[in-house]
Amino acid sequence: MPPMPPPPPGIWCPAITLFDPATDALDLAAQSLYYAHLSRSGLTGLLILGTNAETLLLSRAERRELLSLAKDVCPEGFPLMAGISGHSTAGVLEFLEDAGELGYKWVLVLPPGYFPGMSSKEVIFRFYEEVSSRAAERGIGTVIYNFPGVCNGVDLSSAVISELARRCEGIVGVKLTCGSVAKITRLAGELKAEAFSIFGGQSDFLLGGLAVGSAGCIAAFANVFPKTVVRVWELWKEGKTAEALEVHRKAALTEQAVKEGGVAAVKYAAGVFSVGRTGVEGAEGKVKMRRPYGELGEERKRAIREALKEVAAMEDELW
């Protein structure tokens, strides 16, 4: 079996999920417009069913609907990655089956963390070995997703990640939402970029990651200002470091206001500044989190709108 290529470098967006505020069901018409909009924004690719998609609040059927929809509305050949995280190996393999049937080339998988005290190195290795080997049989590359904040503190070290990459031929990358540039440095020193892509899990340390060997980032903030995040990447690739840093600092300070509110804040900001560009009517209502989770208070919403004004003007110019 020839080695599977890693996801291409650049800026990826973990697309949010839009719901009908009256029924709490998926709003597939609005979602279709949103996926298509993001695919035209200059992003390298989309992650469908990441954390900000509220994936673990969706049924298997709903997950499959979103994976299928993205395939239908994004341009042919546009890079797509499927999130297949779950709480058991059996469940993850079911999600893998759906992604494979729909033609996805890469899947993103959190480590088992529902019972963190039992998530030993042995358990983690057994899990990724089984998932990645089954994915490889379908010609799908596996990307490790390290996010202690949603895994009850389970945090994979760079040593564990590199050992997994060496042991499992099907593992072709990692998303580091732990925010560790040091891990990027160490992984880039051990693993070849042509075989393993290292992505930051947020855009506010994009330049730090690129400076030590990352492939880019898979960042929720790209839902809000995709072209601005892409611009940082482009300036860096062009060797315009000072310009890249100027844009990056402004974006990072703005992202801080969004990160403080978690997924609800990301979705609200996207509703105000990005989803509205798609022609979706009533965008602010469609970006509410799925029940039982609530929306932000009016004071927090005003603070986000105010904090994002400067970068919103930059984004407007880039469109």
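It should be emphasised that the depicted structure is a prediction, and the values quoted were computed from it without experimental measurement.

## As for the packing of helix 9 (residues 241-259) against helix 13 (residues 309-318)
Two elements in contact, helix 9 and helix 13, have axes whose closest approach is 9 Å; the angle formed by their N-to-C orientations is 130°. In terms of axis orientation, helix 9 runs oblique to helix 13. Note that helix 9 runs across helix 13; the crossing there is left-handed. Contacts between helix 9 and helix 13 involve V247, K250, A251 and T254 on the former and, on the latter, E310, V311 and M314.

## A short note on the UniProt feature "active site" (unreviewed entry) in the protein
As annotated by UniProt and renumbered to match this structure, "active site" (unreviewed entry) occupies Y145 and K175. Of the residues just listed, which span 31 residues, no C-alpha pair is farther apart than 4.9 Å, and they cluster in one region. Of the residues annotated just before, the largest pocket has Y145 among its lining. By the element assignment, Y145 lies in strand 5 (residues 141-146). If we skip the residues at most four places from it in the chain, Y145 touches T51, L108, V109, L110, P111, Y128, K175 and T177. Of note is the side chain of Y145, whose polar atom sits 2.5 Å from the side chain of T51. When you line up the elements, K175 lands in strand 6 (residues 171-176). Those residues within four positions of K175 in sequence are excluded, and the remaining contacts are L108, V143, I144, Y145, N146, F199, G200, G201 and I218.

## Digging into the nonpolar core
Grouped together as the largest cluster of nonpolar side chains are 111 residues, with contacts concentrated most on L46, I48 and I84. Examining the composition of this core, we find that eight residues originate from one element, helix 10 (residues 262-273), more than from any other. If we ignore the near neighbours within four places in the chain, the residues touching I48 are Y35, L66, L67, A70, L80, M81, A82, G83 and Y104.

## Topic: empty space enclosed by the protein
Taken as a whole and assessed by the stated rule, the structure comprises three cavities of 30 Å³ or more. Counted as a void, the largest cavity has a volume near 70 Å³. Lining the largest cavity, in full, are A264, Y268, E284, V287, K288, M289, E295, L296 and K301.

## Quick word on the sheet that holds strand 1 (residues 10-14)
Backbone-to-backbone hydrogen bonds pair the strands of a sheet. The strands run either parallel or antiparallel. The strand order 1-2-3-4-5-6-7-8 describes a closed barrel built from eight strands, whose pairing is parallel. Neighbour-to-neighbour, the strand axes of this sheet turn through a mean angle of 25°, independent of strand direction. Taken together, the four bridges between strand 6 and strand 7 (residues 197-200) define a ladder with parallel strand orientation. Each bridged residue has a counterpart across the sheet, and for V174 the counterpart in strand 7 is I198. Against the sheet, helix 8 (residues 226-237) touches strand 1 and strand 8 (216-218), its axis set at about 160° to strand 1.

## As for the packing of aromatic side chains
Think of a pair of aromatic rings as described by two things: how far the centres are apart, and how the planes are tilted against each other in angle. Under the defined criterion, the tally for this structure stands at seven aromatic pairs. Considering the side-chain rings of Y145 and F147, the 6.0 Å spacing of their centres and the 40° angle between planes classify their relative orientation as tilted. Y145 sits in the buried class, given a relative accessible area of 3%. Ring-pair connections join several aromatic residues into one group, and the members of that group are W12, W106 and F199. Here the basic side chain of K71 rests over the ring of Y104, its NZ or CZ set 5.3 Å away from the ring centre. Across from the ring centre of W319, 4.8 Å away, lies the NZ or CZ of K227, which sits over that ring.

The rules behind these values
Residues numbered from 1 in each chain as written. Predicted model: local features only at pLDDT ≥ 70, side-chain atom pairs only at ≥ 80, totals over all residues. Heavy atoms only, no water. Axes fitted to C-alpha atoms, helices over the stretch in contact; angles between N-to-C directions. Helix = DSSP H or I, 4+ residues; strand = E, 2+ residues; numbered from the N terminus. Parallel < 35°, antiparallel > 145°, perpendicular 65-115°, else oblique. Left-handed = near helix turned anticlockwise from the far one by under 90°. Contact = heavy atoms within 4.5 Å. UniProt positions renumbered as here; feature names shortened; annotations may be inferred. 1 Å grid on protein atoms, 1.4 Å probe; cavity = no way out; pocket = protein on both sides within 12 Å on 5 of 7 lines; lining within 4 Å. Polar contact = N/O pair within 3.5 Å; in protein donor to acceptor, adjacent residues only side chain to side chain. Core = buried A, V, L, I, M, F, W, Y, C linked by side-chain atoms within 4.5 Å. Buried < 20%, exposed > 50% of the residue type's maximum accessible area, 1.4 Å probe, protein only. Points joined across faces, edges and corners; volume = space filled by probe spheres on them. Pairing = 2+ DSSP bridges. Phe/Tyr/Trp six-rings, centres within 6.5 Å; stacked < 30°, edge-to-face > 60°. Lys NZ or Arg CZ within 6 Å of the ring centre and 35° of its normal.

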